[in-house]
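Letter by letter, the chains look like this.
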Amino acid sequence: MKDNGKRKDEFYGRLSGLVFPIAFQQFMLSLVGASDAVMLGSLSQDALSAVSLAGQVMFVFNLFLAALTIGASMFAAQYWGKKDKDTVERILAFVLRFSLIISAVFFAGSELFPESLMRIFTPDERLISPGADYLRAVGISCLFCGASQIYLCIMKNTGHAGKSTLISSFAVVLNILLNAVFIFGLFKMPAMGITGAALATVTARGAELLWAVAFSLREGRVRLRGKYVLLRDRELENTFWKYTLPVLGNELVWGCGFTMYSVIMGHMGSDAVAANSIANIVKNLVVCFCLGVGSGGGIIVGNELGAGREALAREYGGRLCKISVISGIISGLFILAISPLILRFSSLSAEALHYLKWMLIMCSGYLVGKSVNSTTIGGIFCAGGDSRFGLLCDAITLWVIVIPLGCLAAFILKWPVPAVYFVLNLDEIIKLPAVYRHYKKYIWVKDLTTL
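Now for a quick tour of the structure. Here the residue numbers are simple positions, counted from 1 along each chain's written sequence. Owing to the predicted nature of the model, reporting of local features is limited to residues with pLDDT of at least 70; listing and counting of side-chain atom pairs is limited to 80 or more, with chain, interface and lining totals taken over all residues. The side-chain quantities take in all heavy atoms of the structure and omit both hydrogens and water.

Only one rule defines a salt bridge in this text: a Lys or Arg side-chain nitrogen within 4 Å of an Asp or Glu carboxyl oxygen. All chains considered together, the criterion is met by 13 salt bridges. The shortest N-O distance in the salt bridge between aspartate 133 and arginine 136 comes to 3.2 Å. Of this pair, aspartate 133 and arginine 136 are both found in helix α5 (residues 125-138), 3 residues apart, which corresponds to roughly one turn of the helix. For each residue, the accessible area found with a 1.4 Å probe, counting protein chains only, is set against the maximum for its type, and the residue is called buried under 20%, exposed over 50%, and partly exposed in between. Aspartate 133 sits in the partly exposed class, given a relative accessible area of 36%. If you follow the salt bridges from partner to partner, you end up with Lys370, Asp394, Glu428 and Lys431 in one network. Each helix corresponds to a stretch of at least 4 residues labelled H or I by DSSP, and each strand to a stretch of at least 2 residues labelled E; elements are numbered beginning at the N terminus.

Patch membership needs two things, relative accessible area over 30% and no salt bridge, and members are linked within 9 Å if like-charged or within 5 Å if nonpolar (Val, Leu, Ile, Met, Phe, Trp, Tyr). All accessible-area figures derive from a Shrake-Rupley calculation using a 1.4 Å probe, and residue coverage is judged against the displayed protein chains alone. A grouping of Val325, Ile329, Leu333, Leu336, Trp358 and Ile361 is seen on the molecular surface, where their side chains present a nonpolar patch of about 520 Å² in accessible area. Within the residue set of the nonpolar patch, elements represented by two or more residues are α13 (310-345) and α14 (350-383). Here the nonpolar patch gets 4 residues from one element, more than from any other, and that element is α13. With respect to the helices and strands, the residue leucine 333 is situated in helix α13.

Below, the discussion takes up the packing of α5 against helix α8 (residues 194-216). Interaxial angle, 0 to 180 degrees, is taken between N-to-C directions of lines fitted to C-alpha atoms, where a helix line uses only the stretch in contact. Closest axis-to-axis distance for the α5/α8 pair is 8 Å, and the angle between their directions is 20°. By the angle between their axes, α5 is roughly parallel relative to α8. For the pair α5 and α8, the crossing hand works out as right-handed. Of the residues in α8, those touching α5 at Pro130, Asp133, Tyr134, Ala137 and Val138 are Ile194, Thr195, Ala197, Ala198, Thr201 and Val202. Across the contact of α5 with α8, the residue classes tally to 8 nonpolar, 2 polar and 1 charged. For classification, angles of less than 35 degrees are called roughly parallel, those exceeding 145 degrees roughly antiparallel, those between 65 and 115 degrees roughly perpendicular, and all remaining angles oblique. Crossing chirality is assigned from the near helix's rotation relative to the far helix, an anticlockwise turn below a right angle marking it left-handed and a clockwise turn marking it right-handed. Contact between two residues is taken to exist if any of their heavy atoms lie within 4.5 Å; hydrogens are not considered. Under the convention adopted here, Pro, Cys and the residues Ala, Val, Leu, Ile, Met, Phe, Trp and Tyr are nonpolar, Asp, Glu, Lys and Arg are charged, and Gly plus all remaining residues are polar.

Within the chain, lysine 83 stands out as a residue other than glycine whose phi angle is a positive 65°. Turning to its location among the elements, lysine 83 is positioned in the loop between α2 (45-81) and α3 (85-112). Positive phi, normally seen in glycine, also occurs at lysine 414, with a value near 55°. Its location among the elements puts lysine 414 in the loop between α15 (388-412) and α16 (417-424). Look at lysine 414 and you get exposed, because its relative accessible area is 61%.

How far a helix is expected to stretch is found by multiplying one less than its residue total by 1.5 Å. With 17 residues, helix α6 (residues 141-157) should cover 24 Å at 1.5 Å per step; its first-to-last C-alpha distance of 24 Å lies within 8% of that length. Phi turns positive, to about 90°, at glycine 159, one or two residues after α6.

Another aspect to go through is the packing of helix α10 (residues 234-266) against α16. Each packed pair of helices is defined by two parameters, the angle between the axes and the distance between the axes. Two numbers describe how α10 lies on α16: the axes approach to 11 Å, and their chain directions differ by 170°. Put simply, α10 runs roughly antiparallel to α16. Contact residues: α10 offers Tyr261, Ile264 and Met265, while α16 offers Val417, Val420, Tyr421 and Leu424. Tallied by class, the residues present in the contact of α10 with α16 amount to 7 nonpolar, no polar and no charged.

The set of buried Ala, Val, Leu, Ile, Met, Phe, Trp, Tyr and Cys residues whose side-chain atoms join them within 4.5 Å is what this entry labels a nonpolar core. Within the largest apolar cluster, 65 residues are counted, with the highest numbers of intra-cluster contacts made by Met74, Phe75, Ile91, Val95, Phe106 and Tyr134. Of all the elements in the fold, those that place two or more residues in this core are α2, α3, α4 (114-121), α5, α6, α7 (161-184), α8 and α10. Counting residues per element, this core draws most heavily on α2, at 19 residues. Isoleucine 91 has contacts with Ala72, Phe75, Ala76, Tyr79 and Leu236, leaving out every residue within four places of it along the chain. Formed by 38 residues, the second largest nonpolar core is a distinct cluster that contains Phe59, Ile264, Met359 and Tyr421.

Shape is all these values report; function is a separate question.
Take a look at the structure:
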């Protein structure tokens, strides 16, 4: 009993040391979107809607980064648990190389044909032109972000979650401050509106990258080594892609499905787009703790699997599932509690406020499923290389069920906006029975370092 109590204390100590920094980091990143909404919303509802839709391009870019960071975490956590720093540096080198290739593609797209990208999401010319201006200005941040996120990911998995959070939070605070300066023209700067929001993002991301690289160069840190950039470890890379490609597929299937939600809402009018933008921002801010549980818990489970303590990894997985349910319920209740304040201070039309009220109610239920699924699929399963299930689950849930039903409700049945939004938020709830059944199979209990 004493040993069990000691393990519990150790588990919760390690979890809190990871969850709170990661959750705070997620929260700070979401604050950028919130500050954009508040500042641009004060200019006009169309400015808010345009940047929200343009942000979907960056959202798709972030899907690739998410897959790469999940894959890097999957292996870095296990090899760090095995105390193999050399292999972690190899992982940093080849993941960073691929990340920069993806970043260059999105940078080129944002600079060369931003209007075409905007037309994917809306036919409204009032939104296309300012959204394209935003994409042109923000495009170069892809190159900075593509590198910095890989560095910060490796830091979180090698005992420096707090420093990773500090660097990311600094970039967020800088971004918010520069938003005010560039959007409204403070301190004798010209007022640049939407372009100013993009410039603030570029500057903050550049500063974030410089600090992350500088930190990695200190003695004893995991750093980028030229020999690993030039001399490739084919066996390690092949194993990495074997388990990471399903994650990439999962992120693209889920993310493109989520982007389809914006496409559907984008064709239901500016009021629907604006309300959906605010609802997503609120949802992203509140869900941060749940995502922290998933990310931090995945690192702990991965450490134990890499160290060969599979029984302990299974025990920790059970505790994480219980915590995810509790955190999801608390997050949903919190959204309900703050909804009146959000409605009071949102600068939206009366119709958009009506939509937003119902959207926030639906978000509260959505977060319970999101918390459980992000902890299991994105955290526990991936910690042991069980990455195929998420791809299959999202492909069926989104593209076979939710998106067809959403299109049917919006474009054929002509349901009202809140009803369509309800349909589009069923995915996380529909998944739950299949996720629970798969968890109990314990396929995810696997040591990747011995493969």
